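# Report on the structure
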Amino acid sequence: MPEPLLEVCALDAYYGDFQALFSVSLAVEPGEVVAVIGANGAGKSTLLNCIAGTIKRRCDAIVLGGQAIGDLPAHAVVARGIALVPEGRRLFPSLSLEENLLIGGQLGRPGPWNLARIYSLFPALSERRHVPSTALSGGEQQMAAIGRALMSNPSLLLCDELSLGLAPIVVRDLYARLPAIVAEGSSLIIVEQDIAAALAAAKDVFCLQEGRLALAGPSAALSREAISAAYFGA
Amino acid sequence: MIWLNIIIQGVLTGGLYAMFAAGLALIFGVMRLVNIAHGDLIVLAAYLALVTIDALALNPLAAIVIVAPVTGAIGYALQRGLLNRTVGDDLLPPLLVTFGLSVIIQNGLLELFTADSRRLSAGAIEVASFPLIEGISIGVLPLVQFIAAIVIIGGLQILFYRSAMGRALRATADDPSVAQLMGLDNRHVFALAMAISLAVVAVAGVLIAIRTNFDPALGPARLIYGFEAVIIGGLGSMWGTLVGGIVLGVAQAVGAQINPGWQLLAGHLAFLAVLAVRPQGLFPKVQG
């Protein structure tokens with residue numbers, strides 16, 4: 001059993017008095033792709049935001065490479081090697097595409113990714129580099145958001161709903177690039193509502209239901225019935 | 001000919017107003033902070049220059065080199081220690097806190113320096129002038145001030161749109177929470193913005209203190225010119241701020257020519273006219 005890259009240990013998360021996550025635990029091994037699925041409001045994005053540090057959490061609830069990092073603010077978590085592709089892409093509107101990528105790499109963490117490598121991963125971006133990010137298509141924006149996160153050379157990349165609002169053919173194209181990202185040494189956590197895409201891409205699947213872990217296991221071994229029961233509740 | 005002269009003098013004065021406004025526009029643009037104490041910080045910079053000049057027997061223009069880094073450091077500390085606690089979705093807390101700060105600065109200066117009005121003396125340059133064409137001469141000092149304004153605003157424009165620091169400032173202005181995900185510490189970025197703003201304030205504060213008298217209560221009058229220039233210019237570009245300052249300066253000069261009592265009124269009327277006809281300003285920020 002290899003040492004896990006990331007461990008989430010009995011994580012609780014709150015929005016004010018509302019509890020969004022109840023004692024969620026999972027582990028990601030180096031070079032592994034993990035999918036988190038669940039219905040709307042199940043707590044998937046909350047889980048990613050807790051890992052990335054934009055939501056307050058217990059210090060020992062998030063452990064990266066054996067170190068508890070739950071007390072770090074988001075900007076320090078990036079420096080440790082966890083990057084988030086936020087839901088809805090959220091590029092910086094007053095920056096050009098290339099400036100968005102550059103701001104992603106502004107910490108200067110060493111690693112395989114740089115502007116040239118991002119453009120060769122997503123060739124469609126390279127001729128659009130000086131276009132304002134608001135003028136990009138949805139698919140291009142999603143590529144740019146992934147590229148921006150990769151520019152920090154993360155050991156763990158968190159992808160929140162890559163398929164949101166995109167045509168199926170664009171989604172298939174995006175998912176086809178993920179193995180190239182894993183091949184460079186990053187682990188991935190993918191949050192998806194598109195279960196088929198998530199199952200195809202990930203080795204392990206975790207299903208959240210109303211803030212609790214309802215199902216976990218290798219994606220190949222889970223039956224559709226088990227997933228649908230965990231997804232919708234019995 | 002007399003009107004051309006008035007317009008030129010108005011343009012030159014406008015450069016000063018633009019410098020007041022540039023610092024205000026920068027921090028409002030980056031962190032939605034309306035700094036009511038901005039005018040008092042301009043006056044504070046003038047007093048800092050006064051102390052520096054007394055202590056080191058410097059020319060006021062040379063004192064800028066010392067005062068600007070000092071006010072920049074004050075700005076960084078002020079933002080980190082106090083104002084960062086107030087910025088957020090609500091505009092009101094920073095407004096109230098900087099209003100309090102304004103009162104503190106005014107009364108602190110009054111206590112230390114009395115209510116006497118003061119002036120920085122720059123020597124012969126104050127009265128030097130050269131003829132531009134027949135009948136129009138330009139003062140060297142107003143020209144130096146105008147050139148300083150252009151250099152500062154051009155410098156800010158380059159800093160903001162061409163440098164890595166500017167990229168960080170714009171990204172944080174766009175979306176502070178996603179900027180954190182890029183490894184940017186908002187508290188530090190905001191403090192840098194305030195430091196730049198107050199360094200610019202120092203230049204403006206010293207330059208105007210050479211030209212007109214100042215006393216501890218003058219801050220709010222400075223502030224309103226800055227606000228008006230920002231609103232006339234819009235938040236889309238630093239050059240807009242320069243145009244805003246020039247519009248204000250020319251309106252005041254024209255008003256003063258018609259009737260000396262109309263100088264301030266004419267400036268405010270120009271501001272109100274822009275607000276009524278083009279409330280987004282002459283160079284508005286492009287919405288994403």
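In what follows, the structure referred to is the one given above.
Here's a quick rundown of the structure. (Residues numbered from 1 in each chain as written. Chains lettered and ligands numbered in written order. Predicted model: local features only at pLDDT ≥ 70, side-chain atom pairs only at ≥ 80, totals over all residues. Heavy atoms only, no water.)

A few words now on the packing of helix α2 (residues 38-56) of chain B against helix α9 (residues 219-233) of chain B. All names here are of chain B. Viewed as axis vectors pointing N to C, α2 and α9 meet at an angle of 120°, and their least axial separation amounts to 7 Å. In terms of orientation, α2 and α9 fall into the oblique class. Between α2 and α9 lies a crossing of right-handed hand. From α2, H38, G39, D40, I42 and V43 reach across to α9, where they touch G219, P220, R222 and L223. A breakdown of the residues in the contact of α2 with α9 according to their chemical character gives four nonpolar, three polar and two charged. (Axes fitted to C-alpha atoms, helices over the stretch in contact; angles between N-to-C directions. Helix = DSSP H or I, 4+ residues; strand = E, 2+ residues; numbered from the N terminus. Parallel < 35°, antiparallel > 145°, perpendicular 65-115°, else oblique. Left-handed = near helix turned anticlockwise from the far one by under 90°. Contact = heavy atoms within 4.5 Å. Nonpolar A, V, L, I, M, F, W, Y, C, P; charged D, E, K, R; others polar.)

Residues and elements named next belong to chain B. Locating S102 in the fold gives a position in helix α4 (residues 92-113). Polar contacts involving the side chain of S102 include one to the side chain of D40, which spans 2.7 Å. Excluding residues that lie within four positions of it along the chain, S102 makes contacts with I36, A37 and D40. (Polar contact = N/O pair within 3.5 Å; in protein donor to acceptor, adjacent residues only side chain to side chain.)

Next up on the list: the layout of surface pockets. Unoccupied space between atoms shows up once a probe the size of one water molecule is rolled over them. Residue and element names in this part refer to chain B. Approximately 390 Å³ is the volume attributed to the second largest pocket. Forming the walls of the second largest pocket are 18 residues, and the residues nearest its centre are V87, G88, P176, N186 and F190. When residues of the lining of the second largest pocket are traced back to their parent elements, those giving at least two are α1 (2-31), α6 (164-174), α7 (176-181) and α8 (186-211). Along the lines of polarity and charge, the residues of the lining of the second largest pocket split into seven nonpolar, seven polar and four charged. (1 Å grid on protein atoms, 1.4 Å probe; cavity = no way out; pocket = protein on both sides within 12 Å on 5 of 7 lines; lining within 4 Å. Points joined across faces, edges and corners; volume = space filled by probe spheres on them.)

The next thing to look at is the sheet that holds strand β7 (residues 156-160) of chain A. Residue and element names in this part refer to chain A. As summarised here, the arrangement of the six strands in space is β6-β7-β8-β3-β9-β10, forming an open sheet in which the pairing is mixed. Here the strands that pair on one side only, and so sit at the sheet edges, are β6 (82-85) and β10 (212-218). In this sheet, adjacent strand axes meet at a mean angle of 15° when their direction is disregarded. Along the sheet, helix α1 (residues 44-52) contacts β3 (33-38), β6, β7, β8 (187-192) and β9 (204-209); its crossing angle with β7, the most-contacted strand, is approximately 150°. Together, β3, β9 and β10 form the strand contacts of helix α9 (residues 224-232), whose direction differs from that of β9 by roughly 35°. (Pairing = 2+ DSSP bridges.)

All names here are of chain B. Along the chain, L235 falls in the loop between α9 and α10 (238-258). Of the residues examined, L235 reaches a relative accessible area of 33% and is grouped as partly exposed. Put simply, L235 and G29 are 206 residues apart on the chain and 6.9 Å apart in space, counted from C-alpha to C-alpha. When residues no more than four places from it in sequence are discounted, the contact partners of L235 are A25, F28, V230, F283, P284 and K285. (Buried < 20%, exposed > 50% of the residue type's maximum accessible area, 1.4 Å probe, protein only.)

In the Ramachandran plot, N153(A) falls in the positive-phi region, its phi being about 50° despite a non-glycine side chain. For N153(A), a relative accessible area of 7% corresponds to the buried category.

So, about the packing of aromatic side chains. All names here are of chain B. Taken as a whole, this structure holds six aromatic pairs over all chains when the rule is applied. Plain terms: the ring middles of Y17 and Y225 are 4.5 Å apart, the flat faces sit at 35° to each other, and that makes the pair tilted. With a gap of 208 residues between them, Y17 in helix α1 and Y225 in helix α9 connect regions that are remote in the sequence. Accessibility expressed as a relative area gives 6% for Y17, which makes it buried. Of the residues examined, Y225 reaches a relative accessible area of 12% and is grouped as buried. On the numbers, 5.0 Å between centres and 90° between planes, the contact of Y47 with F214 is edge-to-face. You can see Y47 sitting in helix α2 and its partner F214 sitting in the loop between α8 and α9, a full 167 residues away along the chain. (Phe/Tyr/Trp six-rings, centres within 6.5 Å; stacked < 30°, edge-to-face > 60°.)

Another point: the interface of chain A and chain B. In this assembly, 20 residues from chain A lie in contact with 18 residues from chain B. Together chain A and chain B conceal approximately 1800 Å² of surface at their shared face, both sides included; 63% is due to carbon and sulfur atoms. It is H75(A), F92(A) and I103(A) that lose the most area in chain A upon contact with chain B, and together they represent 31% of the buried surface on that side. Where chain A packs against chain B, one counts two salt bridges. In this structure, R170(B) engages E99(A) in a salt bridge whose closest nitrogen and oxygen atoms are separated by 2.6 Å. Joining chain A to chain B, the criterion identifies seven residue pairs in polar contact (both at pLDDT 80 or more). Looking at which element gives the most residues to the side of chain A that touches chain B, the answer is helix α3 (residues 97-104) of chain A, with four residues. (Buried area = accessible area lost by both parts, 1.4 Å probe. Salt bridge = Lys/Arg side-chain N within 4 Å of Asp/Glu carboxyl O.)

Where burial is concerned, most of α3(A) is hidden: seven out of the eight residues are buried. Those residues of α3(A) lying buried are L97(A), E98(A), E99(A), N100(A), L101(A), I103(A) and G104(A). Those residues of α3(A) that are buried lie in contact with α4 (115-121), α5 (123-126) and α6 (138-150) of chain A together with α5 (140-162) and α6 of chain B.

Now for the pairing of strand β2 (residues 136-139) of chain B. Moving residue by residue along a regular strand, the side chains alternate between the two faces of the sheet. Residue and element names in this part refer to chain B. Looking at chain direction, strand β1 (residues 129-133) and β2 are connected through four bridges and run antiparallel. Residue pairing for β2: I133 is matched across the bridge by I136. The hairpin formed by β1 and β2 contains two residues between the paired strands, and G135 there has a positive phi angle of roughly 90°.

Turning next to the environment of G16(A). All names here are of chain A. Tracing the backbone shows G16 in the loop between β1 (6-15) and β2 (18-28). Residue G16 is classed as exposed on the basis of its relative accessible area of 67%. When the C-alpha positions of G16 and D194 are compared, they lie 29 Å apart, and in sequence the two are 178 residues distant.

Counted according to the given criterion, the structure contains 11 salt bridges over all chains. Close ionic contact of R90(A) with D175(B) constitutes a salt bridge, the shortest N to O distance being 3.2 Å. Taken together, the positions of R90(A) in the loop between β6 and α3 and D175(B) in the loop between α6 and α7 put the pair across two chains. A relative accessible area of 37% places R90(A) in the partly exposed class. In this structure D175(B) comes out as buried when scored by relative accessible area, which is 13%. Its salt-bridge partner being R119(B), residue E126(B) comes within 2.6 Å of it at the nearest N-O pair. E126(B) sits in the partly exposed class, given a relative accessible area of 21%. Overall, the relative accessible area of 39% leaves R119(B) in the partly exposed class. What emerges from the salt-bridge pattern is a single network uniting E32(A), K203(A) and D204(A).

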